[in-house]
Amino acid sequence: MAAVSSLELNPPPEFFQSRIDLFDKYKAEYDEMVKAKPRQEITITLKDGKQKSGTSWETTPMQVALEISKSLTERLVIAKVDGVLWDLNRPLEMSVNLELLDFEHPEGKQVFWHSSAHVLGEAAEKHYGCHLCFGPPTEDGFFYDMATYDKKVLPTDYSNLETLSKAVIKEKQKFVRLELPKEVLLEMFKYNKYKQHFIETKVPDGTTSTVYRCGPMIDLCIGPHVPHTGRIKSFMVTKHSASYWLGDAANDSLQRVYGISFPDNKQMEEYKEFLKEASRRDHRKIGKDQELWFFDEISPGSCFFLPNGVRIYNALIDLMRGEYRKRGYQEVISPNVFSSKLWETSGHWDHYRENMFVWEIDNRMSALKAMNCPGHCVMFDSRDRSYRELPLRLAEFGVIHRNEASGALSGLTRVRRFVQDDSHICMPEQIKGEMDDLFRLLDKVYSLFGFEYKLELSTRPESFLGDIETWNSAEKGLEDVLNEHYPGKWNLNPGDGAFYGPKIDIRIQDALKRWHQCATIQLDFQLPQRFNLKYRGEKVGEEGAEPLRPVIIHRAVLGSLERFIAVITEHFGGKWPFWLSPRQVLVIPVSKPYYDYANEVRDKLWDAGVYADVDNGPETMKKKILLGETSQYNFIFVVGQDEMDNRAVNVRNRDADKKARAEIMPLDDVVAKLVSLKAERRLENNI
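Overview of the structure. (Residues numbered from 1 in each chain as written. Predicted model: local features only at pLDDT ≥ 70, side-chain atom pairs only at ≥ 80, totals over all residues. Heavy atoms only, no water.)

Moving on to the environment of Met-379. Locating Met-379 in the fold gives a position in helix α14 (residues 373–380). Exposure remark for Met-379: the relative accessible area of 23% places this residue in the partly exposed category. Considering only alpha carbons, one finds Met-379 and Glu-107, 272 residues apart in sequence, at a separation of 45 Å. Residues contacting Met-379, with those up to four places away along its chain left out, are Val-332, Ile-333, Ser-334, Arg-385 and Leu-394. (Helix = DSSP H or I, 4+ residues; strand = E, 2+ residues; numbered from the N terminus. Buried < 20%, exposed > 50% of the residue type's maximum accessible area, 1.4 Å probe, protein only. Contact = heavy atoms within 4.5 Å.)

Our next topic: the sheet that holds strand β31 (residues 648–653). Sheets are built from strands paired through backbone hydrogen bonds, the pairs being either parallel or antiparallel. Spatially, the 5 strands line up as an open sheet ordered β29-β28-β30-β31-β32, and their pairing is mixed. The outermost strands of the open sheet, each flanked by one partner alone, are β29 (612–614) and β32 (664–666). Sheet twist, expressed as the average angle between the axes of neighbouring strands with direction ignored, equals 35°. Pairing between strand β28 (residues 585–589) and strand β30 (residues 635–639): 5 bridges, direction parallel. Its bridge partner lying in β30, Val-587 is registered against Phe-637. Lying on the sheet, helix α20 (residues 621–630) is in contact with β28, β30 and β31; it crosses β28 at an angle near 175°. (Pairing = 2+ DSSP bridges. Axes fitted to C-alpha atoms, helices over the stretch in contact; angles between N-to-C directions.)

Relative orientation of the contacting elements helix α19 (residues 595–607) and helix α22 (residues 667–680) amounts to 35°, with a least axis distance of 10 Å. Between α19 and α22 lies a crossing of right-handed hand. Residues Tyr-597, Val-601, Lys-604 and Leu-605 of α19 touch α22, and the partners they reach there are Leu-667, Asp-668, Val-671 and Leu-674. Its residues assigned to classes, the contact of α19 with α22 comprises 6 nonpolar, no polar and 2 charged. (Left-handed = near helix turned anticlockwise from the far one by under 90°. Nonpolar A, V, L, I, M, F, W, Y, C, P; charged D, E, K, R; others polar.)

On the surface, a cluster of negative charge is contributed by Glu-104, Asp-264, Glu-269 and Glu-270. Relative to the elements of secondary structure, Glu-270 occurs in helix α9 (residues 265–281). Taking the relative accessible area as the measure of exposure, Glu-270 reaches 46% and is therefore partly exposed. (Patch = residues over 30% accessible without salt bridge, like charges linked within 9 Å, V, L, I, M, F, W, Y side chains within 5 Å. Areas by Shrake-Rupley, 256 points an atom, 1.4 Å probe, with all protein chains shown as cover. Salt bridge = Lys/Arg side-chain N within 4 Å of Asp/Glu carboxyl O. Lys, Arg positive; Asp, Glu negative; His and termini not counted. Charge placed at Lys NZ, Arg CZ, Asp CG, Glu CD.)

Looking at the second largest pocket, its volume works out to about 600 Å³. In terms of lining, the second largest pocket is formed by 28 residues, of which the most central are Thr-60, Asn-89, Arg-90, Pro-91 and Phe-175. Mapped onto the lining of the second largest pocket, the elements with two or more residues apiece are α2 (14–36), α3 (61–68) and β9 (176–181). Tallied by class, residues from the lining of the second largest pocket come to 13 nonpolar, 6 polar and 9 charged. (1 Å grid on protein atoms, 1.4 Å probe; cavity = no way out; pocket = protein on both sides within 12 Å on 5 of 7 lines; lining within 4 Å. Points joined across faces, edges and corners; volume = space filled by probe spheres on them.)

Looking now at α2. Helix length check: α2, at 23 residues, gives a terminal C-alpha distance of 35 Å against a target of 33 Å (1.5 Å per residue), a fit within 8%. Buried residues of α2: Phe-15, Phe-16, Arg-19, Ile-20, Leu-22, Phe-23, Lys-27 and Val-34, and no others. At its buried positions, α2 is contacted by α5 (106–128), β6 (131–134), β9, α7 (182–188), β10 (208–214) and β11 (217–220). (Expected span 1.5 Å × (residues − 1).)

For the rest of this paragraph, the subject is the sheet that holds strand β2 (residues 51–55). In space, the 5 strands of this open sheet follow the order β2-β1-β5-β3-β4, with mixed pairing throughout. The sheet is open, and its two borders are formed by β2 and β4 (84–86), each paired with just one other strand. Between one strand axis and the next, the sheet turns through 40° on average, direction left out of account. Against the sheet, α3 touches β1 (41–46), β2, β3 (76–81), β4 and β5 (96–102), its axis set at about 75° to β5.

Another point: the side chain of Lys-503. Within the element layout of this structure, Lys-503 appears in strand β25 (residues 503–509). Beyond its immediate sequence surroundings of up to four residues, Lys-503 is in contact with Glu-456, Leu-457, Ser-458, Leu-478, Asp-496, Gly-497, Ala-498, Thr-520, Ile-521 and Gln-522.

This brings us to the pattern of salt bridges. The full count for this structure, using the stated rule, is 50 salt bridges. Arg-39 serves as the salt-bridge partner of Glu-58, at 3.2 Å between the closest nitrogen and oxygen. Taken together, the positions of Glu-58 in the loop between β2 and α3 and Arg-39 in the loop between α2 and β1 put the pair 19 residues apart, joining distant regions of the chain. Look at Glu-58 and you get partly exposed, because its relative accessible area is 42%. Using a relative accessible area of 32% as the deciding quantity, one classes Arg-39 as partly exposed. Between Arg-536 and Asp-384 there is a salt bridge, with the nearest N and O atoms lying 2.5 Å from each other. Within this pair, whereas Arg-536 is found in the loop between α17 (526–530) and β27 (551–560), its partner Asp-384 is found in the loop between α14 and β20 (392–396), the two being separated by 152 residues in sequence. A single salt-bridge network, built from bridges that share partners, covers Glu-323, Lys-326, Arg-327, Asp-437, Arg-440 and Lys-444.

Below, the structure is given as structure tokens:
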């Protein structure tokens, strides 16, 4: 332990003891209160319907699990009591429905990683004397934001933080929950302005909130947590970055440390293998290796797409344009710069201005377009509209600029300049038919990439436009449509809607089983009101008939094309399906006498719409084939005397088990098959 103690501040931060003193005082009072509670027999109903007897304020979910199986208690992470997550060692207070969750359950995994964040927080406090800010679980681990002031986190610190964390784990420190009044919380965290902010803004006067203790670390936290730190068997610090307090660049700069943990070592080894594979598939690496795109500090967050990258880009746009034509969309182009008057009308000036590029032009404030919808409202309102025109489906591959923090920029996944496959559908309030078609569009497009997807309904956030009745109506409409198309297969995401309306977020799963949010469908009753959009109804000629208000559906399937390209690059690992591939065919002559025929083959393929190259360089044929395979050409056509005499090619398939010399195929047949392969947008690389 000498090595561990040498990594800790000595003496420890003064706030350690002051927190503990307050905690111990109120914990003793709480324990006395629990002792005084009357005991009653309660019934605990398990998920399978079986019932267990218990005693209020004594029986815990862990004790119930122990009656079932000792091995079960060793696997458990958390309990769920009447649908609410509950500490395994927290006494039940009345008759309840009980569910027991392990690490494999999504909520169990989140609790496990949240508890691991507390372990990381304790290690960071001991090592840096830092002030902790925010430490949530994520989809692939956890992080903790911390103010380290004059100290900066370095990669060389990772092993120190891991050593301290593993010492915390070895001690099997219990997670102890305690509910405290707001005034006591303010006293306990008086040293930490970040916790003070949460207490002042999130805990109403006269109410309480909870803290959790493990060892000397006490944190403002709703919980719940694993029973003790010893449940964490494998722990690793993965990376760090800068962040801003509350995500605002005008606020304090913080240090964010990320980690991952598991309940057994085998899962950690599997995770490390996953990291290696993810590194091989990294879109930034593949983009460089295949000369698809690059970034330069001359324009941070804005991608330079090279010719081969543009081929992928255009293939996606062609896909969506084809679907637009089938489904009655009309493509438009709107300006890139708008007066602040537009953004004030839309509400973005008050709710989104900090994320926009804003400057003064001709003595008035203007901003680069950060979304297409306000411009489309102007287009709708540019003349009188009739119900006969509805639904009006306006689509735009508009260039969008958003002022992302420099520290948040990351390859193609987080950029400042991007394009969306954006559309806005103006229609009467009967949304069901339009939503039916949108779901069919999702199925059609995502099947082309082999994606599975799931849906989340995000509801009214804390900051919103409009009245609650309108929001409730919009949310109910989306719920009904989801229940019809995806019964039991969608999740609720409370409070994460856009400020102008509820939305359905669609998350796709890639080949590495990672989930990505790309598509969105948003129902908006607010924007038509703010722009005073109207159309003439069927009864407009009747006495007293008033113009009607449309509803807007914001819809993107691919979402940001840049982000989607990053996702599919890593999904396919740079081995593009033929219809997307920037390098479809490489023609290689076996020697110089066949250069002219190789060029003729290339030209025929190119004229048929196939991206074909020819290698007439000085390298050996074997090396040319190797280079073609490394460059991920879908097919390599080798041509020599036999091929030239028979106007044929020898086909090597990138994805075939054997890449040896294949049967000679007539050139005209091969071209026809490749044209069909591209037109059908098949995933399989077969002709």
